[in-house]
Amino acid sequence: MLLLFFLGNITSFLVFLAPVPTFYTIYKRKSAEGFQSIPYVVALSSAMLLIYYGFLKTNAYLIISINAFGIAIELTYLMLYMIYASRKQKCFTMKLLLLLNIGAYGLIFVLTFSLLKGSNRVNAVGWICAVYNVAVFAAPLSIMRRVIKTKSVEYMPVTLSMFLISCATMWFFYGFLVNDYFIALPNVLGLLFGIAQIILYFMYKDGSNKDVELEKEMQKMEEATTDNENKEKIKAIP
């Protein structure tokens, strides 16, 4: 169980850090165009619910520790996203945060804390977490649809998909061994979505490489045109 505790923390830690290359790309471009905030808002909501669930359970140190880190890292991602997002993207993200992270979470907390007690409260929050975790694993569907539509995996980092598979596997076994099926069952779906993303990556990765090569060729042509124009200007100087 101790080994599973450390492996669960490590894989979850890597999943939370997997979007770092995405945000490095956003930082380099100084623009969040083409990227969506939905996965990060949903992941933040999930971490908030799971940490609440962890405090209600007994000895749920793994759930509490990793989701505390998850809240911190998702907030960091969202702040970076808001810096480089367009006005339309910022408005959409703020509405989503108000709806899910403040409105829905606040309502769940107030209702479960005031109307339920003991095991009933734990079970109710557990069911909510299970349903919401399904939504978390379904959040990349929008990115997967974009991959199929554009035939490019530019906006779907393969590292995230690989870490998702590892994390879902670890959390499934954790939930299974401690008889917490609110944790175990949603991760079956997470494993399936992770595998689907890997399949999509290998189906469309060649298209992304061609796009990168085409972009480089276009950049070279633009640079060559600029050089020629500069030379013509120099020649025209008496």
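The rules behind each value
- Residues numbered from 1 in each chain as written.
- Predicted model: local features only at pLDDT ≥ 70, side-chain atom pairs only at ≥ 80, totals over all residues.
- Heavy atoms only, no water.
- UniProt positions renumbered as here; feature names shortened; annotations may be inferred.
- Helix = DSSP H or I, 4+ residues; strand = E, 2+ residues; numbered from the N terminus.
- Expected span 1.5 Å × (residues − 1).
- Bend = angle between axes of the 7 residues up to and from the residue.
- Buried < 20%, exposed > 50% of the residue type's maximum accessible area, 1.4 Å probe, protein only.
- Contact = heavy atoms within 4.5 Å.
- Axes fitted to C-alpha atoms, helices over the stretch in contact; angles between N-to-C directions.
- Parallel < 35°, antiparallel > 145°, perpendicular 65-115°, else oblique.
- Left-handed = near helix turned anticlockwise from the far one by under 90°.
- Nonpolar A, V, L, I, M, F, W, Y, C, P; charged D, E, K, R; others polar.
- Phe/Tyr/Trp six-rings, centres within 6.5 Å; stacked < 30°, edge-to-face > 60°.
- Core = buried A, V, L, I, M, F, W, Y, C linked by side-chain atoms within 4.5 Å.

- The protein appears in an unreviewed UniProt entry as Bidirectional sugar transporter SWEET from Cephalotus follicularis.
- UniProt's Subcellular location (unreviewed entry) comment on the protein is quoted here verbatim: "Cell membrane".

**Re helix H5 (residues 87-115)**
Reasoning step 1: Between its terminal C-alpha atoms H5 stretches 40 Å, which fits the 42 Å expected from 29 residues at 1.5 Å a residue.
Reasoning step 2: Along its length, H5 shows its largest kink, about 25°, at leucine 97.
Reasoning step 3: Those residues of H5 that fall on the buried side of the exposure criterion are Gln89, Thr93, Leu96, Leu97, Leu100, Asn101, Ile108 and Thr112.
Reasoning step 4: In the core, the buried residues of H5 are packed alongside helix H3 (38-56), helix H4 (61-84) and helix H6 (118-138).

**Points about the packing of H3 against H6**
Two measures define how a pair of helices packs: the angle their axes make with one another and the distance between the axes.
Reasoning step 1: The geometry of H3 relative to H6 is characterised by a closest axis approach of 9 Å and an angle of 160° between their N-to-C directions. Relative to H6, the element H3 is oriented roughly antiparallel. Like other packed secondary-structure pairs, H3 and H6 cross with a definite hand, here left-handed. Every residue of H6 that contacts H3 at Val42, Ser45, Ser46, Leu49, Leu50, Tyr52, Tyr53 and Leu56 is listed here: Arg121, Val122, Val125, Gly126, Ile128, Cys129, Tyr132, Asn133, Ala135 and Val136.
Reasoning step 2: The class makeup of the residues in the contact of H3 with H6 is 13 nonpolar, four polar and one charged.

**Description of the packing of helix H2 (residues 20-29) against H4**
Reasoning step 1: Contact pair H2 / H4: the axes reach a minimum separation of 10 Å and the direction vectors enclose 25°. Our classification of the angle between H2 and H4 gives roughly parallel. Taken as a pair, H2 and H4 cross one another with a handedness that is left-handed. The residues of H4 that touch H2, namely those facing Val20, Phe23, Ile26 and Tyr27, are Tyr77, Leu80, Tyr81 and Tyr84.
Reasoning step 2: Grouping the constituent residues of the contact of H2 with H4 by class yields eight nonpolar, no polar and no charged.

**A word on the packing of aromatic side chains**
Reasoning step 1: Counted under the stated rule, the structure contains 14 aromatic pairs.
Reasoning step 2: Relative to tyrosine 77, the ring of tyrosine 40 has its centre 5.9 Å away and its plane inclined at 65°; by these criteria the two rings are edge-to-face. Of this pair, tyrosine 40 sits in helix H3 while tyrosine 77 sits in helix H4, placing them 37 residues apart in sequence.
Reasoning step 3: Classification of tyrosine 77 by relative accessible area gives buried; the value is 3%.
Reasoning step 4: A connected cluster of aromatic rings, assembled from ring pairs, spans Phe13, Phe16 and Phe69.

**Topic: the nonpolar core**
Reasoning step 1: Counting 43 residues, the largest nonpolar core has Ile26, Tyr53, Ile63, Tyr81, Trp171 and Ile183 as its most contacted members.
Reasoning step 2: Residue assignment for this core shows that the elements contributing at least two residues are helix H1 (2-17), H2, H3, H4, H5, H6, helix H8 (158-177) and helix H9 (181-236).
Reasoning step 3: Considering every element that reaches this core, the biggest residue donor is H3, with 11 residues.
Reasoning step 4: In this structure, tyrosine 81 is in contact with Phe23, Ile26, Ala32, Phe35, Gln36, Ser37, Gln89 and Thr93, ignoring residues within four places of it in sequence.
Reasoning step 5: In this structure, Met144, Val147, Val153 and Phe193 belong to the second largest nonpolar core, which totals nine residues.

**Section: unusual backbone geometry**
Reasoning step 1: The backbone of lysine 30 shows a phi angle near 60°, a positive value even though the residue is not glycine.
Reasoning step 2: As for its placement among the helices and strands, lysine 30 is situated in the loop between H2 and H3.
Reasoning step 3: Even without being glycine, asparagine 179 reaches a positive phi, approximately 60°.
Reasoning step 4: Mapped onto the secondary structure, asparagine 179 falls in the loop between H8 and H9.

**Remarks on H3**
Reasoning step 1: With 19 residues, H3 extends 27 Å from end C-alpha to end C-alpha; this agrees with the ideal 27 Å at 1.5 Å per step.
Reasoning step 2: Judged by how many residues are buried, H3 sits mostly within the fold: 16 of 19 residues are covered.

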